[in-house]
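Okay, here's what each chain looks like letter by letter:
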Amino acid sequence: MAGHFKLQRVRKIMKSSAEVEHISKDSVTVVTRAAELFIMLLLKEAHTDPKKVKKLEYKNIANVVNDSERYEFAREMIPHKIKVHEYYEIMKKKYGKEIDTQEKHSSSESSSSSNSSEPSSTDNSDSEDSKDGHDDNSSNGDVMIID
């Protein structure tokens, strides 16, 4: 099962480091294969999650990364998702005060103001993302918190 990652792309990523001057073809091949094996192992462990899921989802990978000491280095890159209200509770506990409710509701008000007769400055219905159905302002209530 070799050859899933493009060697040139891996070489480009390796060259992006300021510390690297020369990269041999063999080193690119070895790093590419190591990355493939790492991803295969991570996905295999996520798919054999004790919850016996049939469909591999982000939460399965996040569970493996956050529950295993082996993947401690990747915890900031693959955190558990939490709901917005859970985030506010965490911040309340951390800082000992309620988050300003104006901040809390300003994002929901700006999205509901797009129903008015005059377009607001936050109305991006003509944006490229909205046309293809990927509106950045829409949310299903999930946020990823990275400490």
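Residues numbered from 1 in each chain as written. Predicted model: local features only at pLDDT ≥ 70, side-chain atom pairs only at ≥ 80, totals over all residues. Heavy atoms only, no water.

### Overview of the nonpolar core
Phase 1 of the analysis: Leu-42, Ala-46, Ile-61, Ala-62, Val-64, Val-65, Tyr-71, Ala-74 and Ile-78 form the largest nonpolar core, which has 9 residues in total.
Phase 2 of the analysis: Residue contacts for Ile-61: discarding those within four places in its chain leaves Leu-42, Leu-43, Ala-46 and Ile-78. (Core = buried A, V, L, I, M, F, W, Y, C linked by side-chain atoms within 4.5 Å. Buried < 20%, exposed > 50% of the residue type's maximum accessible area, 1.4 Å probe, protein only. Contact = heavy atoms within 4.5 Å.)

### Observations regarding helix H2 (residues 25–47)
Phase 1 of the analysis: In a regular helix each residue adds 1.5 Å, so 23 residues correspond to 33 Å; H2 covers 33 Å between its end C-alpha atoms and thus fits that length.
Phase 2 of the analysis: Taken as a whole, H2 has its buried residues at Val-28, Thr-32, Glu-36, Leu-42 and Ala-46.
Phase 3 of the analysis: Tucked into the core, H2 has its buried residues touching helix H1 (7–15) and helix H3 (58–67). (Helix = DSSP H or I, 4+ residues; strand = E, 2+ residues; numbered from the N terminus. Expected span 1.5 Å × (residues − 1).)

### Details of the pattern of salt bridges
Phase 1 of the analysis: Taken as a whole and judged by the stated rule, the model has 4 salt bridges.
Phase 2 of the analysis: A salt bridge links Glu-45 to Arg-70; the nearest nitrogen and oxygen atoms lie 3.0 Å apart. Note that Glu-45 is positioned in helix H2 and Arg-70 in the loop between H3 and strand E1 (81–83), a separation of 25 residues in sequence.
Phase 3 of the analysis: Linking Glu-69 and Arg-75 is a salt bridge whose minimum nitrogen-to-oxygen distance equals 3.8 Å.
Phase 4 of the analysis: When its relative accessible area of 23% is taken as the criterion, Arg-75 is described as partly exposed. (Salt bridge = Lys/Arg side-chain N within 4 Å of Asp/Glu carboxyl O.)

### Points about helix H4 (residues 84–95)
Residues spaced three or four apart along an α-helix point in a common direction, a consequence of the helix completing one turn every 3.6 residues.
Phase 1 of the analysis: Under the 1.5 Å per step criterion, the end-to-end length of H4 is 16 Å for 12 residues, consistent within 8% with the ideal 16 Å.
Phase 2 of the analysis: Gly-96 lies just past H4 and shows a positive phi near 70°.

### Examining the packing of aromatic side chains
Phase 1 of the analysis: Evaluated as defined, the whole model comprises 3 aromatic pairs.
Phase 2 of the analysis: Ring centres of Phe-38 and Tyr-71 lie 5.9 Å apart, and the angle between their planes is 65°; this geometry places the pair in the edge-to-face category. Residue Phe-38 is located in helix H2, and its partner Tyr-71 is located in the loop between H3 and E1; the two are separated by 33 residues in the primary sequence.
Phase 3 of the analysis: Centroid distance Phe-38 to Phe-73: 6.0 Å. Interplanar angle 45°. Geometry classified as tilted. Within this pair, whereas Phe-38 is found in helix H2, its partner Phe-73 is found in the loop between H3 and E1, the two being separated by 35 residues in sequence.
Phase 4 of the analysis: Note on Phe-38: relative accessible area 31%, which makes it partly exposed.
Phase 5 of the analysis: Pairwise contacts between aromatic rings join Phe-38, Tyr-71 and Phe-73 into one cluster.
Phase 6 of the analysis: Positioned over the ring face of Tyr-58 is Lys-81, at 5.3 Å from the centre of the ring. (Phe/Tyr/Trp six-rings, centres within 6.5 Å; stacked < 30°, edge-to-face > 60°. Lys NZ or Arg CZ within 6 Å of the ring centre and 35° of its normal.)

### Details of the packing of H1 against H2
Phase 1 of the analysis: The interhelical angle for the contact between H1 and H2, taken along N-to-C directions, is 100°, at an axis separation of 9 Å. The angle between H1 and H2 falls in the class roughly perpendicular. Contacts from Leu-7, Val-10, Arg-11 and Met-14 of H1 reach H2 at Lys-25, Ser-27, Val-28, Thr-29, Val-31 and Thr-32.
Phase 2 of the analysis: A per-class count over the contact of H1 with H2 returns 5 nonpolar, 3 polar and 2 charged. (Axes fitted to C-alpha atoms, helices over the stretch in contact; angles between N-to-C directions. Parallel < 35°, antiparallel > 145°, perpendicular 65-115°, else oblique. Nonpolar A, V, L, I, M, F, W, Y, C, P; charged D, E, K, R; others polar.)

### A word on the packing of H2 against H3
Phase 1 of the analysis: The interhelical angle for the contact between H2 and H3, taken along N-to-C directions, is 105°, at an axis separation of 8 Å. Put simply, H2 runs roughly perpendicular to H3. For the pair H2 and H3, the contacting residues are Leu-42, Leu-43, Glu-45 and Ala-46 in the first and Asn-60, Ile-61, Val-64 and Val-65 in the second.
Phase 2 of the analysis: The residue makeup of the contact of H2 with H3, split by class, is 6 nonpolar, 1 polar and 1 charged.

Keep in mind these numbers describe shape, not what the thing actually does.
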